[in-house]
Amino acid sequence: MKKFLKHCLTGRDNETFDVARVLWAMGGMAFIVFTGWTVFHTGAFDAQNYGTGFGLAMGGGGASVWAKAKTEPDINPGGER
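The rules behind the values
Residues numbered from 1 in each chain as written. Predicted model: local features only at pLDDT ≥ 70, side-chain atom pairs only at ≥ 80, totals over all residues. Heavy atoms only, no water. Helix = DSSP H or I, 4+ residues; strand = E, 2+ residues; numbered from the N terminus. Buried < 20%, exposed > 50% of the residue type's maximum accessible area, 1.4 Å probe, protein only. Contact = heavy atoms within 4.5 Å. Axes fitted to C-alpha atoms, helices over the stretch in contact; angles between N-to-C directions. Parallel < 35°, antiparallel > 145°, perpendicular 65-115°, else oblique. Nonpolar A, V, L, I, M, F, W, Y, C, P; charged D, E, K, R; others polar.

Considering the side chain of Asp18
Okay, so step 1: If you trace the backbone, Asp18 turns up in the loop between α1 (2-9) and α2 (19-42).
Okay, so step 2: Classification of Asp18 as buried rests on a relative accessible area of 5%.
Okay, so step 3: The residues touching Asp18, leaving out its near neighbours within four places in the chain, are Leu9, Thr10, Gly11, Lys68 and Glu72.

See below:
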């Protein structure tokens, strides 16, 4: 599990943690936790609004990772394969 999380949260080189990916993961977890907290206290859950909000949050995170993809360090800076 630790190796899987490292691969999800690092850039192309699988060593350097990517700020956009880490913030994306934290935002997703916070969205789920805050929704659970609200459901626990109010007993109300609106699946359509939840799906829309979560989809937009995940789409924004994916767009931020895509937008900064060119700034990630190369796996093989020398160009040799």
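Brief notes about the packing of α2 against helix α3 (residues 47-67)
Okay, so step 1: Running from N to C, α2 and α3 cross one another at 170 degrees; their axes reach a closest spacing of 9 Å. Considering their axes alone, α2 and α3 lie roughly antiparallel with respect to each other. Packed against α2, whose contacting residues are Ala20, Arg21, Trp24, Gly28, Phe31, Ile32 and Thr35, the element α3 presents Tyr50, Gly53, Phe54, Ala57, Met58, Gly61, Gly62, Ser64 and Val65 at the interface.
Okay, so step 2: Residues belonging to the contact of α2 with α3 are distributed by class as follows: nine nonpolar, six polar and one charged.

Take it as geometry only, folks, not as evidence of what the structure does.
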